[in-house]
Amino acid sequence: MLWTAVQDRLRTRARLKQMKVISDDCCLFCSNHSETKNHLFFSCIFATQCLLQIKSWLHWRIESVDLDVILRWIERSNKGRFRKSLWYAVIASVVYQIWRARNLMLWESKEPRVTEVTKNIKEEIKSRFTYVCPKRVSKNDAHWFTGIVQQ
């Protein structure tokens, strides 16, 4: 899902309008902008609020709310492999959960809530890294992970 988003291949409303499948390309969350990849990840107020809660949870200091910039920031980070893996998984989960919330809104008319989306992201990351945690994790990273799991 993240790869598809990075490649700008998601069937956003802007792309569907360009393909002449639909006539209205307004964002389903905010109704103020065209639903493009850049708007959906993370210019839209709904997606921005989700991302801000996740950034606060992980104590990220990055100001950007642009998907490509965040991915480059992770790639260039001097943190170890464990944290980078976790951060990539978090961003993948954020993209997936926002896209999922968007589709639930489109197909089932379910109004998403930021708290619900961020809760899903946290639970997914906690369970994935608790059960599939690498065998060799530094004490510092293990302590850091335990701290975020307990939040």
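That block above? That's the structure.
Quick caveat, the model's predicted, so the values are computed rather than measured.

### A word on the side chain of Gln 97
Right, so step 1: Mapped onto the elements, Gln 97 comes out in helix H6 (residues 81-108).
Right, so step 2: The class for Gln 97 is buried, based on a relative accessible area of 7%.
Right, so step 3: With residues up to four places along the chain from it excluded, the contact list for Gln 97 reads Val 117, Asn 120, Ile 121 and Glu 124.

### A short note on the environment of Gly 147
Right, so step 1: Mapped onto the secondary structure, Gly 147 falls in helix H8 (residues 139-149).
Right, so step 2: With relative accessibility at 30%, the residue Gly 147 sits in the partly exposed group.
Right, so step 3: Between the C-alpha atoms of Gly 147 and Trp 57, which are 90 residues apart in sequence, the distance is 10.0 Å.

### As for the packing of aromatic side chains
Right, so step 1: Scanning the model with the defined rule gives six aromatic pairs in all.
Right, so step 2: Measuring from centroid to centroid gives 5.8 Å for Phe 41 and Phe 42, while their planes differ by 75°, and the two rings are edge-to-face.
Right, so step 3: Assessed through its relative accessible area of 0%, Phe 42 is described here as buried.
Right, so step 4: Ring geometry for Trp 60 against Trp 73: centres 5.4 Å apart, planes inclined by 65°, an arrangement best described as edge-to-face. Of this pair, Trp 60 sits in the loop between helix H4 (45-58) and helix H5 (67-76) while Trp 73 sits in helix H5, placing them 13 residues apart in sequence.
Right, so step 5: Relative accessible area serves as the criterion here: at 29%, Trp 73 is assigned to the partly exposed category.

### Thoughts on the pattern of salt bridges
Right, so step 1: Applying the stated criterion across every chain, the model contains six salt bridges.
Right, so step 2: Between Lys 37 and Asp 68 there is a salt bridge whose closest N-O contact spans 2.9 Å. In this pair, Lys 37 is assigned in helix H3 (residues 37-43) and Asp 68 in helix H5, connecting sequence segments 31 residues apart.
Right, so step 3: With a relative accessible area of 8%, Lys 37 lands in the buried category.
Right, so step 4: A salt bridge links Arg 83 to Asp 141; the shortest N-O distance between them is 2.8 Å. Here Asp 141 lies in helix H8 and Arg 83 lies in helix H6, a separation of 58 residues in the sequence.

### Quick word on H5
Right, so step 1: All of the buried residues along H5 are Leu 67, Ile 70, Leu 71 and Ile 74. Along the long axis of H5, the arc covered by the buried residues comes to 100°, so they all point the same way.
Right, so step 2: If you follow the buried residues of H5, they end up packed against helix H1 (2-6), H3, H4 and H6.
Right, so step 3: Among the residues of H5, the N-terminal cap falls to Asp 66, whose side-chain oxygen and the backbone nitrogen of Asp 68 are separated by 3.1 Å.

### Re the packing of H6 against helix H7 (residues 114-131)
Right, so step 1: The geometry of H6 relative to H7 is characterised by a closest axis approach of 9 Å and an angle of 140° between their N-to-C directions. In terms of orientation, H6 and H7 fall into the oblique class. Our pair here, H6 against H7, has a crossing hand that is right-handed. Contact residues: H6 offers Phe 82, Ser 85, Leu 86, Ala 89, Val 90, Ser 93, Val 94, Gln 97, Arg 100 and Ala 101, while H7 offers Val 117, Asn 120, Ile 121, Glu 124, Ile 125, Arg 128 and Phe 129.
Right, so step 2: For the contact of H6 with H7, a count of residues per class yields ten nonpolar, four polar and three charged.

Basis of the calculations
Residues numbered from 1 in each chain as written. Predicted model: local features only at pLDDT ≥ 70, side-chain atom pairs only at ≥ 80, totals over all residues. Heavy atoms only, no water. Helix = DSSP H or I, 4+ residues; strand = E, 2+ residues; numbered from the N terminus. Buried < 20%, exposed > 50% of the residue type's maximum accessible area, 1.4 Å probe, protein only. Contact = heavy atoms within 4.5 Å. Phe/Tyr/Trp six-rings, centres within 6.5 Å; stacked < 30°, edge-to-face > 60°. Salt bridge = Lys/Arg side-chain N within 4 Å of Asp/Glu carboxyl O. Arc of directions from axis to C-beta. Polar contact = N/O pair within 3.5 Å; in protein donor to acceptor, adjacent residues only side chain to side chain. Axes fitted to C-alpha atoms, helices over the stretch in contact; angles between N-to-C directions. Parallel < 35°, antiparallel > 145°, perpendicular 65-115°, else oblique. Left-handed = near helix turned anticlockwise from the far one by under 90°. Nonpolar A, V, L, I, M, F, W, Y, C, P; charged D, E, K, R; others polar.

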